[in-house]
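Chain and residue survey
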Amino acid sequence: MLAAYAASQSASDPLSGLVIGERPDPEPRPGWSVVTLKAAGLNHHDVWSLKGVGLPADRLPMVLGCDGAGLDEEGNEVIVHAVVASEGWHGDETLDPRRTLLSELHDGTLAEKVLVPTANLVPKPAGLDWHTAACLSTAWLTAYRMLFSSAGLTPGATVLVQGAGGGVATALIQLGAATGYRVWATSRDEAKRARALEIGADAVFEPGVRLPERVDAVMETVGAATWSHSVNSLRPGGTVVISGATSGDAPAKAELTKIYFKQLRVVGSTMGNRQELERLARLVDSRGISPAVDSEFALADARAGFEKMVAGDLFGKVVITT
Ligand SMILES: NC(=O)c1ccc[n+]([C@@H]2O[C@H](COP(=O)([O-])OP(=O)(O)OC[C@H]3O[C@@H](n4cnc5c(N)ncnc54)[C@H](OP(=O)(O)O)[C@@H]3O)[C@@H](O)[C@H]2O)c1
């Protein structure tokens, strides 16, 4: 089968290890299902894997990709849940210390076929098109948990989203706008700020500027570059939810004094569980939310999508069709 896989890793030149080429079809395995993919999505996770972060070199070659949707062996339309629990684990799979994401231990979704635990298949609501379904498993699921589980907010609250153009960030803006939050967003780029308004942000700002008022929560995926601004933008008792650190995980100032003096909560958030993915799919379907898609490429041309992601030159998801 055709697949996009990591053949080697380089922190400085991640695309040097990316190969679009033939890999063996998945072997059937009891309790697992082969999904014939219709579409998949890129995530920054795929770039981290090519850089050697989170994917040990002894597991190469590894098919990349966490997001995907397609047909199971019975022809059912399914969304693939990317969090794979270890054998015997019970409870929230994101809390399993031995859990992996697809493409970390088991081959991922940037391929014509993927083998996943049957329990990881979520029915695709009939109203969702393949592009939408293929966007949900990672960035959108992460945004769902950040906003609705980790932040402890109720509708009407003001939420600041850092780095508006990213996959998680656009999901946060669209989900927040659809469910009654006041959503503010920052972006380095004027055109992306304008797009953020189009997809539902109530106001947009350049990174680092003083906001008209302090916010109830900040959704952080940029990391070092925006950390101080996130802490400074919160009202006393506010919450910063962090699920990523694209610009680095060691900010120049940790802002510890402001965190305790303002009694802030710092909440780490990772992915979501299968039930949250099912609810997210239903929410997106019932509210008619159409995820912001930056661009679409056939699997054979997936390298172009990776190039956009490495350059940070995108607004929303990159969809790969198979
Ligand atoms: N914990 C989890 O479960 C989980 C799940 C998904 C993603 N993540 C992490 O969350 C992060 C975002 O993921 P993604 O897939 O949404 O990535 P992405 O689409 O590549 O996000 C890139 C965005 O980050 C902002 N950005 C990048 N470098 C920046 C810098 N130096 N200064 C300011 N802003 C910068 C940019 O926003 P502007 O250009 O608009 O400023 C850019 O559009 C990644 O680090 C990823 O690993 C974690």
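Note: the structure precedes this text.
Description of the structure in this document. Counting starts from 1 at the beginning of each chain's written sequence and moves along it residue by residue. Predicted model: local features are reported for residues with pLDDT of at least 70 only, side-chain atom pairs are reported and counted for 80 or more only, and whole-chain, interface and lining totals are derived from all residues. For the side-chain quantities, the full set of heavy atoms in the structure was used; hydrogens and water were omitted.

1. Focus: the pattern of salt bridges
Salt bridge, as used here: a side-chain nitrogen of Lys or Arg that lies within 4 Å of a carboxyl oxygen of Asp or Glu. Applying the stated criterion to the full structure yields 12 salt bridges. Where Glu213 meets Arg182, a salt bridge forms, and the shortest distance between an N and an O atom there is 2.8 Å. A residue pair is termed long-range when its members are at least 10 positions apart, and Glu213 in the loop between strand 13 (203–205) and strand 14 (215–220) and Arg182 in strand 12 (residues 182–186) qualify at 31 residues. Under the relative-accessibility criterion, Glu213 is labelled partly exposed at 41%. Only DSSP runs of H or I reaching four residues or more are called helices, and only runs of E reaching two or more are called strands; each is numbered from the N terminus. A 1.4 Å probe rolled over the protein chains alone gives each residue an accessible area, and that area as a share of the maximum for its type sets the label: buried under 20%, exposed over 50%, partly exposed in between.

2. Observations regarding the side chain of Lys124
Of note, Lys124 is situated in the loop between strand 10 (121–123) and helix 2 (130–134). For Lys124, a relative accessible area of 8% corresponds to the buried category. By definition in these notes, contact holds between two residues if any of their heavy atoms fall within 4.5 Å. Residue contacts for Lys124: discarding those within four places in its chain leaves Glu77, Val78, Ile79, Trp130 and Ala133.

3. Considerations on the sheet that holds strand 13
Being paired, for any two strands, means DSSP has found at least two bridges between them. Read across the open sheet, the 6 strands follow the order 13-12-11-14-15-16; overall the sheet is parallel. Among the strands making up the open sheet, the edge pair consists of strand 13 and strand 16 (265–268). Strand-to-strand twist across the sheet, computed as the mean angle between neighbouring axes with direction ignored, equals 20°. Taken together, the 5 bridges between strand 14 and strand 15 (residues 234–242) define a ladder with parallel strand orientation. Among the inter-strand pairings, Met219 is bridged to a residue of strand 15, identified as Val241. Angular values range over 0 to 180 degrees, each being the angle between N-to-C directions of two axes fitted as lines to C-alpha atoms, with helices fitted over their stretch in contact.

4. Topic: the pairing of strand 15
Following the chain from strand 14 across helix 6 (residues 227–233) to the adjacent parallel strand 15, one finds a crossover that is right-handed. As paired elements, strand 15 and strand 16 share 4 bridges and run parallel to each other. Within strand 16, the position partnered with Ile242 by the bridge is Gly268. Taking the sense of rotation as the criterion, the β-α-β connection linking strand 15, helix 7 (residues 256–261) and strand 16 turns out right-handed. The handedness of a crossover follows from its direction of travel: if, with the strands pointing away from the viewer, the path from the first strand over the helix to the second runs clockwise, the crossover is right-handed.

5. Here we look at the nonpolar core
Within this scheme, the nonpolar core is defined by two criteria: the residues are buried Ala, Val, Leu, Ile, Met, Phe, Trp, Tyr or Cys, and they are joined through side-chain atoms within 4.5 Å. Core analysis: the largest hydrophobic core is formed by 47 residues, its most contacted members being Leu136, Trp140, Val161, Ile173, Leu175, Met219 and Leu280. Listed by contribution, the elements that provide at least two residues to this core are helix 2, helix 3 (136–150), strand 11 (158–161), helix 4 (167–178), strand 12, strand 14 and helix 8 (274–286). The leading source of residues in this core is helix 3, at 8 residues. Leu60, Phe297, Phe306 and Met309 belong to the second largest nonpolar core, which has 21 residues in total.

6. Side note on the packing of aromatic side chains
Aromatic pairing here means that ring centres of Phe, Tyr or Trp (its six-membered ring) are within 6.5 Å. Orientation follows from the plane angle: under 30 degrees is stacked, over 60 is edge-to-face, and everything else is tilted. A full pass over the atoms with the stated rule returns 3 aromatic pairs. Look at Phe148 and Tyr181: their rings are 6.2 Å apart centre to centre, the planes differ by 45°, and that puts the pair in the tilted class. Here Phe148, found in helix 3, pairs with Tyr181, found in the loop between helix 4 and strand 12; they are 33 residues apart in sequence, far enough to count as distant. We classify Tyr181 as buried; its relative accessible area is 7%. Taken together, the ring pairs in this structure connect Tyr144, Phe148 and Tyr181 into an aromatic cluster. Comment: the charge-over-ring label is applied if NZ (Lys) or CZ (Arg) is within 6 Å of the ring centre and within 35 degrees of the ring normal. Across the ring face of Tyr5, the terminal group of Arg23 is positioned such that the distance to the ring centre comes to 5.3 Å. The ring of Trp130 has Lys124 sitting right over it, with the charged end atom 4.8 Å from the ring centre.

7. Quick word on helix 8
Helix length check: helix 8 (13 residues) gives 18 Å between terminal C-alpha atoms against 18 Å at 1.5 Å per residue, within 8%. For helix 8, every residue scored as buried is listed here: Glu276, Leu277, Leu280, Ala281, Leu283 and Val284. What you see down the axis of helix 8 is that its buried residues fit within an arc of 165°, all on one side. At its buried positions, helix 8 is contacted by strand 6 (77–80), strand 10, helix 2, helix 3 and helix 4. N or O atoms closer than or at 3.5 Å make up a polar contact, with two conditions inside protein: a donor-capable atom paired with an acceptor-capable one, and, for residues adjacent in sequence, both atoms drawn from side chains. Between the side-chain oxygen at the start of helix 8 and the backbone nitrogen of Gln275 there is a gap of 3.2 Å, and the oxygen is on Asn273. Positive backbone phi, at 60°, marks Gly288, one or two positions downstream of helix 8. Multiplying 1.5 Å by the helix residue count minus one yields the expected span of that helix. In this context, the arc is that of the directions from the helix axis out to the C-beta atoms.

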